[in-house]
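Chain by chain, the residues:
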Amino acid sequence: MRRLAAARAGESGLQILTLPQLGARLAGGFASPLTLEDLEPAIQSALDQGGFDDLESVRQLPGMARALARTLRKLWEADLDISDGTHAQSYRARELNLVAERLRLILPKAMLNPRELRNSALERIAHSSRLLGPVRIEGLSYVAPVWRRLIQRLSEVVPVEWCVPPGAETGWFSGTVNVAEPTEQRGAPAVISCADPHHEVVESLRWARELVASGAAKPHEIAIAAASPAAWDDHFLALSPQAALRIHFSHGIPALSTRDGQRCAALADVLMHGMSQRRVRRLFSLCRDRLGLFGDSPDRWPKALPRGATLPRLEDWKRALEAARLRDPSLGSPEDILSLLEILAKGAMASTEAAAALLRGRSLRIWSSATRCAPVDAIELSLRNVRLASESDAADSIAWCSARDLAAAPRRFVRLLGLTNRGWPRRATTDPVLPGHIVPASELDPDPAPRADRRHFEIILDAAVGGAVLSRSRRGAQGSRIGRSPLLRDLPEIALSRARTPAHAFCEADRLMARPGEASEVPLIRSAGRCWHNWHVDELTEHDGRFAPGHPAIRRAIERVQSATSLQRLLRDPLGFAWRYALDFDAPRERAQPLTIAPDELGKLVHELLRRAVDSLEPDPGYARASEADIEAALKHAATHVHESWPLERPVPPKLLWTNTVDYASAMALTGLLHRDIREASTRSWTEVPFGQSDDFRADRELPWDPTRPVPMPGTPIRLRGTIDRLDLRSNPAAARVTDYKSGGPPTNASRLVIGGGAELQRCLYALACRQLLEDEPVVVARLLYLSGEPLAVKLNDLDGALEQIAAFVNEAIAMLNGGIAVPGRLSFDRSNDLRLALPASPGYERRKRSAFGKAAANLSPFWSHP
């Protein structure tokens, strides 16, 4: 701000320097102040040399370099020498001196710490009249002891004027002190309390926008500050774009809030946690535009890989990429991708190589900054501490800053946040490297945080002649109660409710919340309000499954070829059928590497093993004629193939758990294969036999029928498709047996089971397909075979009766949907329902609507009770 004022005043030739820059100018000889960016990596290098006693066990811990840097800066700022005297007797002090000595050898000779810079400047103090001229100190309410001697000596050679705010510590200075008195009389500050830190930010933006919109203040006259602003940073970053206000973060913005920072985070995620497909996709999607990944077709390679595959190892990636190239030769060679994957597979040890290959510009500088101050193993923690310069300029923006920064450049309108008993003033802390029993805290830190916070508070308020608001949270971010700051004394406080109607909104959403009448005219809000109301009435409404009769989306969903799964959904959960097949709702799938596979995935795994084993036995020697040894060998071969191929197609557990899962599924599959019940050598067996498929379906093996022939369900408008788990076909006399494998255990009433309230349709539908597709009208037998535990085969005694029951069930469900009603089924509110998330979360919803749902589904309820 001082540079802006100098530019506006045309002060040509004015030099604006910090105290370290002042010392460097006097010292000459290309001397430069030691910066934190140079200090931390130098300390890390000094620690890497080893040779410590007290620090040896902790020297490689994350954050050690940063902790030592803070301690050394405190020593230098306090002008404290621990190389001799009583302090030097401590092991910790001696090792700290050893680090300081190594720093002098590691750092460039011209890069000086504050004490060295001060001493060099004192040696050349006689040249200050020609190098500096008159000196004016502005904006400093406190000068560290290391610079006091230099300023005192400087005042003896050139005129030195210190313009200080009231309350500054100037007792040590013998030169000219001008106390800046406010030109206007300030009023008493307003004290408010908010619900939590997020609410504080909302109220701050409302206040700032009102000042700007009303013309009472310009953005550069407004400041929002806290003693330690980190707790509010994320809220300001998220809300300030909505407010359309330029806000300058004087302490910088978190690097992870930028796209460049997210590139670094994605790389760290892969290096530290493994190269799963989700992590690698995220990394490549963030970096490919800059690196030209995937050649001329940036979208084709990612689309060619199965989204569900975990791909945790480099070998899995190689096989998946090769398989994708074989499916589509036009993709070209994946060599550029593989070269990067080989680097990533090395993990943290290849961090430098990976960063050089994938990061550019600012993202590479962020990565370098994070790795300078801590080992690569702690890169995730280090990235959180990296900050970037704010993209806005303080000269034309509202300032969001620390109290220390604001005290150095006060503004007319201020709002101070976090005035709680713990937040302002902050509590004094013990230095972790030099605790009080080694060096007294009063010597190491002559300006502790509590004293500085109180001084900054008074300076800020004295300069806030336009108005000041003091804000605190009643509860912390975790919900705990928080008390008032002692700085608020007995000032009256106004408690603001989070749900209050503000006088001035900070964004469009805030404005609509403050004006319910206007919000109700917004179609989306009006619809949401009507939905909320309808959920709380007893009758069935358009938000509970009522719609126009004969709706075209419902008609299309019914006319599609139905699988056993979709038919189960139609009969057992009509509302879920409408969601999934009419509106294309789908439940989210977990793509991260699981520790176990879901029960339905286990069933698919068992079916895949059965299919591959039987296919390898047919037609020679034939499943019916194969010995147990042949069956076990075929199953072993199938298990080997599945063990290698499934990780390329879908999420599977880690390697050891995946091996155990395949072994468990193989044991179940072997139980089913050995349970043949085939007595005629002429019997031919198939597994996973498709029927009712689309015209473009192409079979890769011999099948007992044309899989594209339609399979209508008699007496209904439904057409069927699916895959029969196992089909045993006898030629003379003609007979067929269909088997529906169940990977779980049998229910208690397995022998009485017919359709299970719509849950057990597969064997009936399989038998119907055989009747329609097989020639010579064979006798068809349908059964369930439970594989878990002791195998149990359950035969369907009355196939015709079961099909008639299903047809009646289907017609009732279709009639209800065509009539414009879709109700949840009995298990729709159960946790096992994957579409449960789409239903209202309140348990009271089901209770309120139970009677209305029951009336609407009166014709379906009897079928749900059928065994």
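Refer to the structure presented above.
Reference entry: report on the structure contained in this document. (Residues numbered from 1 in each chain as written. Predicted model: local features only at pLDDT ≥ 70, side-chain atom pairs only at ≥ 80, totals over all residues. Heavy atoms only, no water.)

## Remarks on the overall build of the chain
Moving on, step 1. Each helix and strand counted, the chain has 34 helices and 21 strands in total.
Moving on, step 2. Over its C-alpha atoms the chain spans a radius of gyration of 38 Å, topping by over 25% the 29 Å that the globule rule assigns to 867 residues.
Moving on, step 3. In terms of principal-axis extent, the alpha carbons of the chain reach across some 120 × 65 × 50 Å.
Moving on, step 4. Considering the chain as a whole, with its 867 residues, one finds that 48% of them fall into the buried category.
Moving on, step 5. When contacts within the chain are restricted to residue pairs at least 6 apart in sequence, long-range pairs at least 24 apart make up 73% of them.
Moving on, step 6. For the chain, the accessible surface area stands at approximately 42000 Å², while carbon and sulfur atoms represent 52% of it.
Moving on, step 7. Seen as two clouds, the 113 positive and the 105 negative side-chain charges of the chain have centres 4 Å apart. (Helix = DSSP H or I, 4+ residues; strand = E, 2+ residues; numbered from the N terminus. Rg over C-alpha atoms; globule rule 2.2 N^0.38 Å. Buried < 20%, exposed > 50% of the residue type's maximum accessible area, 1.4 Å probe, protein only. Contact = heavy atoms within 4.5 Å. Areas by Shrake-Rupley, 256 points an atom, 1.4 Å probe, with all protein chains shown as cover. Lys, Arg positive; Asp, Glu negative; His and termini not counted. Charge placed at Lys NZ, Arg CZ, Asp CG, Glu CD.)

## Things to note about unusual backbone geometry
Moving on, step 1. In this model, tryptophan 424 is joined to proline 425 through a cis peptide bond whose omega is 0°.
Moving on, step 2. With respect to the helices and strands, proline 425 occurs in the loop between strand S12 (413–417) and helix H20 (441–444).

## Topic: the packing of aromatic side chains
Moving on, step 1. As enumerated under the stated definition, the model contains 14 aromatic pairs in all.
Moving on, step 2. Pairing tryptophan 232 with tryptophan 400 gives two aromatic rings, centres 6.4 Å apart and planes at 75°, and the pair type is edge-to-face. Here tryptophan 232 is found in helix H10 (residues 230–243), whereas its partner tryptophan 400 is found in strand S11 (residues 398–402), with 168 residues between them in sequence. One exposure class covers both tryptophan 232 and tryptophan 400, and it is buried. (Phe/Tyr/Trp six-rings, centres within 6.5 Å; stacked < 30°, edge-to-face > 60°.)

## Re the environment of arginine 263
Moving on, step 1. Tracing the backbone shows arginine 263 in helix H11 (residues 259–273).
Moving on, step 2. Taking the C-alpha atoms as reference, arginine 263 lies 9.8 Å from arginine 360; in sequence the two are 97 residues apart.

## Some details on the pairing of strand S6 (residues 190–194)
Moving on, step 1. In terms of residue burial, S6 counts as a mostly covered element, since 4 of its 5 residues are buried.
Moving on, step 2. As paired elements, S6 and strand S13 (residues 467–473) share 5 bridges and run parallel to each other. If you follow cysteine 194 over to S13, its bridge partner there is serine 473.
Moving on, step 3. Here S6 pairs with strand S14 (residues 493–495) via 3 bridges, running parallel. Within S14, the residue paired with isoleucine 192 across the bridge is isoleucine 494. (Pairing = 2+ DSSP bridges.)

## Some thoughts on the pattern of salt bridges
Moving on, step 1. Taken as a whole and judged by the stated rule, the model has 47 salt bridges.
Moving on, step 2. Of the charged contacts in the structure, one is a salt bridge between aspartate 260 and arginine 362, with a shortest N-O distance of 2.9 Å. Remark: arginine 362 occurs in helix H17 (residues 361–372) and aspartate 260 occurs in helix H11; sequence separation between them is 102 residues.
Moving on, step 3. The buried category is assigned to aspartate 260, whose relative accessible area is 7%.
Moving on, step 4. Arginine 362 sits in the partly exposed class, given a relative accessible area of 26%.
Moving on, step 5. With its nearest N and O atoms 3.4 Å apart, the salt bridge here joins glutamate 518 to arginine 515. (Salt bridge = Lys/Arg side-chain N within 4 Å of Asp/Glu carboxyl O.)

## A look at the sheet that holds S11
Moving on, step 1. Here 7 strands make up an open sheet; going across it, the order is S8-S11-S7-S12-S13-S6-S14 and the pairing parallel. Each edge of the open sheet carries a strand with a single partner, namely strand S8 (247–249) and S14. Taken pair by pair, the neighbouring strands of this sheet meet at an average axis angle of 25°, ignoring direction.
Moving on, step 2. Contacts from H10 reach strand S7 (222–226), S8, S11 and S12, with the element oriented near 150° to S8.
Moving on, step 3. Along the sheet, helix H21 (residues 449–463) makes contact with S12 and S13, crossing S12 at roughly 150°. (Axes fitted to C-alpha atoms, helices over the stretch in contact; angles between N-to-C directions.)

## Side note on the nonpolar core
Moving on, step 1. Counting 69 residues, the largest nonpolar core has Phe236, Leu267, Leu341 and Leu344 as the members making the most contacts within it.
Moving on, step 2. In contact with leucine 267, not counting residues within four places along its chain, are Leu283, Leu344, Ala354, Ala355, Leu358, Leu359 and Trp367.
Moving on, step 3. Counting 67 residues, the second-largest nonpolar core is a separate cluster that includes Ala564, Ala578, Leu703 and Ala782. (Core = buried A, V, L, I, M, F, W, Y, C linked by side-chain atoms within 4.5 Å.)

## Looking at helix H25 (residues 552–559)
Moving on, step 1. Residues of H25 that are buried: Ala553, Ile554, Ala557 and Ile558. The buried residues of H25 occupy one face: seen down the axis, they fall within an arc of 135°.
Moving on, step 2. Its buried side turned inward, H25 meets helix H27 (574–582) and helix H32 (799–818). (Arc of directions from axis to C-beta.)

## Quick look at the sheet that holds strand S4 (residues 160–164)
Moving on, step 1. Spatially, 3 strands are ordered S3-S4-S5 in an open sheet, and the strand pairing comes out parallel. With one partner strand each, in any of the chains shown, strand S3 (135–138) and strand S5 (176–179) form the two edges of the open sheet. In this sheet, adjacent strand axes meet at a mean angle of 20° when their direction is disregarded.
Moving on, step 2. Of the pairings in the sheet, the one linking S3 to S4 comprises 4 bridges and is parallel in character. Pairing of glutamate 138 across the sheet is with cysteine 163, part of S4.

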